[in-house]
Amino acid sequence: MPNEMIWIIFAVVNFSMLLLFYRLFGKTGLFVWIGFSTVVANLQVIKLVELFGLVATLGNIMYGTVFLATDILNEKHGKKEARKAVWFGFSSLLATTIIMQFVLAFQPHSDDMAHEHLSFIFELLPQVVIGSLLAYLISQLLDVQIYAFFKKKLPKASQLWMRNSFSTAISQFVDTAIFCSIAFYGWYDFDVWLQIFMTTYVIKFIVAAIDTPFIYVARMIKPKQD
């Protein structure tokens, strides 16, 4: 099966699972999903794949579900809950980064087979960690503010796709700019950096478009718990 087909199926599965969490556990489920997906997306990002003729990293779909989750919270539970969820995700990512550094500090047994692989994944360069944390926090808080702004300006149910799309497109642009600027500073010539930036944003923009039907479904969902 080609990567493009897997990618589309993967997107549907991710967004569907997010809605399932919301249906079963309400806004608590969204908080859990945001904490989980923020960490997992940063693990997926180390894998490079080719999609639609572009070289891209994985993680963009799962990271995109975080924006959808905060938009659902903003739409149905208010800006305060959405902002709280952003800090929940940030704290989860920060805690995972710190804890795994301690895990790596332990001297492995001579029969150990995992340390080398864990080191490859979690021994992140400081500028990549800083770039990821700052990009997440700034772009997510911005997304919450922009969504709340458009919710006032475009309050109709038929305008939901505008609120979702505009806020995500803008905040994802900021996220990509911050992450690429900090994480890859000094690594590449400007032409290469620009290509990475554009490719990353195009993929994120496609993900943002895919999530639009799911926020309409989420708006109709009545969670079993809340």
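Residues numbered from 1 in each chain as written. Predicted model: local features only at pLDDT ≥ 70, side-chain atom pairs only at ≥ 80, totals over all residues. Heavy atoms only, no water.

## Notes on the overall build of the protein
Keep this limit in mind: Each helix is a run of H or I in the DSSP string that is no shorter than four residues. Each strand is a run of E no shorter than two, and both are numbered from the N terminus. Our radius of gyration looks at C-alpha atoms and nothing else; its globule reference is 2.2 Å times the residue count to the power 0.38. Per-residue accessibility, obtained with a 1.4 Å probe over protein chains only, is compared with the maximum for each type, and a residue is labelled buried under 20%, exposed over 50%, and partly exposed between these values. Pairs of residues are marked as contacts when any of their non-hydrogen atoms sit within 4.5 Å. Residue burial considers only the protein chains on display, and all accessible areas are found by Shrake-Rupley using a 1.4 Å probe.
The number of helices and strands found in the protein is eight helices and two strands. Listed N to C, the secondary structure of the protein is α-β-β-α-α-α-α-α-α-α in terms of helices and strands. Against the globule reference of 17 Å for 226 residues, the protein gives a C-alpha radius of gyration of 18 Å, in line with a compact fold. Considering only C-alpha atoms, the protein reaches an extent of 60 × 40 × 35 Å along its principal axes. A buried classification covers 44% of the 226 residues belonging to the protein. Taking the intrachain contacts of the protein between residues at least 6 apart in sequence as the baseline, contacts between residues at least 24 apart amount to 78%. Carbon together with sulfur atoms contributes 71% to the accessible area of the protein, which is approximately 12,000 Å² in total.

## A few points about the side chain of Thr212
By secondary structure assignment, the location of Thr212 is in helix H8 (residues 212-220). When its relative accessible area of 14% is taken as the criterion, Thr212 is described as buried. The residues touching Thr212, leaving out its near neighbours within four places in the chain, are Trp161, Asn164 and Ser165.

## Points about the packing of aromatic side chains
What counts here: Classification of ring pairs rests on two measures: the distance between centres of Phe, Tyr or Trp rings, Trp counted by its six-membered ring, which must be within 6.5 Å, and the angle between planes, read as stacked under 30 degrees, edge-to-face over 60 and tilted in between.
Evaluated as defined, the whole model comprises 15 aromatic pairs. Ring centres of Phe21 and Phe25 lie 6.2 Å apart, and the angle between their planes is 75°; on these two criteria the pair is classed as edge-to-face. A residue pair is termed a helical-turn pair when its members lie 3 or 4 positions apart in one helix, as Phe21 and Phe25 do in helix H1 (residues 3-44) at four residues. Taking relative accessible area as the criterion, Phe25 reaches 36% and is therefore assigned partly exposed. The interplanar angle of 65° and the centroid separation of 6.4 Å between the aromatic rings of Trp161 and Phe166 together place this pair among those described as edge-to-face. Phe166 gets classed as partly exposed once you look at its relative accessible area, which sits at 34%.

## A look at H8
So the rule is basically this: For this quantity, the arc is that covered by the directions from the helix axis to the C-beta atoms.
Here H8 has its buried residues at Thr212, Phe214, Ile215 and Ala218. The buried side chains of H8 occupy one side of the element, clustering within an arc of 155° when seen end-on.

## Describing the pairing of strand E2 (residues 54-57)
Regular strands have side chains that alternate between both faces of the sheet. The test is simple: Two strands qualify as a pair provided DSSP detects at least 2 bridges between them.
Relative to E2, strand E1 (residues 48-51) runs antiparallel, the two sharing four bridges. Each residue of the ladder has a partner; that of Val49, found in E2, is Ala56. Linking two consecutive strands that pair antiparallel, namely E1 and E2, is a turn of two residues; a positive phi of about 55° is found at Phe52 within it.

## Examining a nonpolar patch on the surface
Cut-off, in case you're wondering: Here the term patch refers to residues with relative accessible area over 30% and no salt bridge, with like charges joined within 9 Å and nonpolar side chains (Val, Leu, Ile, Met, Phe, Trp, Tyr) within 5 Å. The salt bridge definition used is simple: a Lys or Arg side-chain nitrogen within 4 Å of an Asp or Glu carboxyl oxygen.
A cluster of nonpolar side chains, Met1, Met5, Ile6, Ile9, Val13 and Met17, forms an exposed patch at the surface whose accessible area comes to about 570 Å². Structurally, the position occupied by Met17 is in helix H1. When its relative accessible area of 40% is taken as the criterion, Met17 is described as partly exposed.

## Let's talk about the side chain of Glu75
Put simply, the rule is: What qualifies as a polar contact is a pair of N or O atoms within 3.5 Å, subject to a donor-acceptor requirement within protein and to the restriction that residues adjacent in sequence count only when both atoms come from side chains.
Inspection of the secondary structure assignment puts Glu75 in helix H2 (residues 60-77). Within the local environment of Glu75, its side chain forms a polar contact with the side chain of Arg163, the two groups lying 3.1 Å apart. Among the polar contacts made by the side chain of Glu75, one reaches the side chain of Arg219 at a distance of 3.1 Å. Discounting residues that sit within four places of it in the chain, Glu75 has contacts with Tyr147, Lys151, Leu160, Arg163 and Arg219.

## Focus on the nonpolar core
Stated formally: Within this scheme, the nonpolar core is defined by two criteria: the residues are buried Ala, Val, Leu, Ile, Met, Phe, Trp, Tyr or Cys, and they are joined through side-chain atoms within 4.5 Å.
Residues Leu30, Ile34, Leu68, Ile72, Leu73 and Tyr136 are the most contacted members of the largest nonpolar core, which totals 41 residues. Mapped onto this core, the elements with two or more residues apiece are H1, E1, H2, helix H3 (79-105), helix H5 (126-153), helix H7 (190-210) and H8. With eleven residues, H1 is the largest single contributor of residues to this core. The contacts of Ile34, once residues within four sequence positions are left out, are Val66, Ala69, Thr70, Leu73, Ala85, Gly89 and Tyr136. Judged by nonpolar contacts, the second largest core, of six residues, contains Val128, Cys180, Ala183 and Phe197.

## Details of the packing of helix H6 (residues 160-183) against H8
Threshold: Axis definition: a line fitted to C-alpha atoms, limited for helices to the stretch in contact. Angles are taken between N-to-C directions and run from 0 to 180 degrees. Angular relationships are summarised with four words: roughly parallel below 35 degrees, roughly antiparallel beyond 145, roughly perpendicular across 65 to 115, and oblique for the angles in between. What makes a crossing left-handed is the near helix being turned counterclockwise from the far one by less than a right angle; a clockwise turn instead makes it right-handed. For this scheme, ten residues count as nonpolar: Ala, Val, Leu, Ile, Met, Phe, Trp, Tyr, Cys and Pro. Four count as charged, namely Asp, Glu, Lys and Arg, and the remainder, Gly too, count as polar.
Close contact between H6 and H8 brings their axes to 10 Å; oriented N to C, the two are set at 130°. When the interaxial angle is binned, H6 and H8 end up oblique. Relative to H8, the crossing made by H6 is right-handed. Here H6 contributes Leu160, Trp161, Arg163, Asn164 and Ser165 to the contact with H8, which in turn contributes Thr212, Ile215, Tyr216 and Arg219. Here the contact of H6 with H8 is built from residues that sort into four nonpolar, three polar and two charged.

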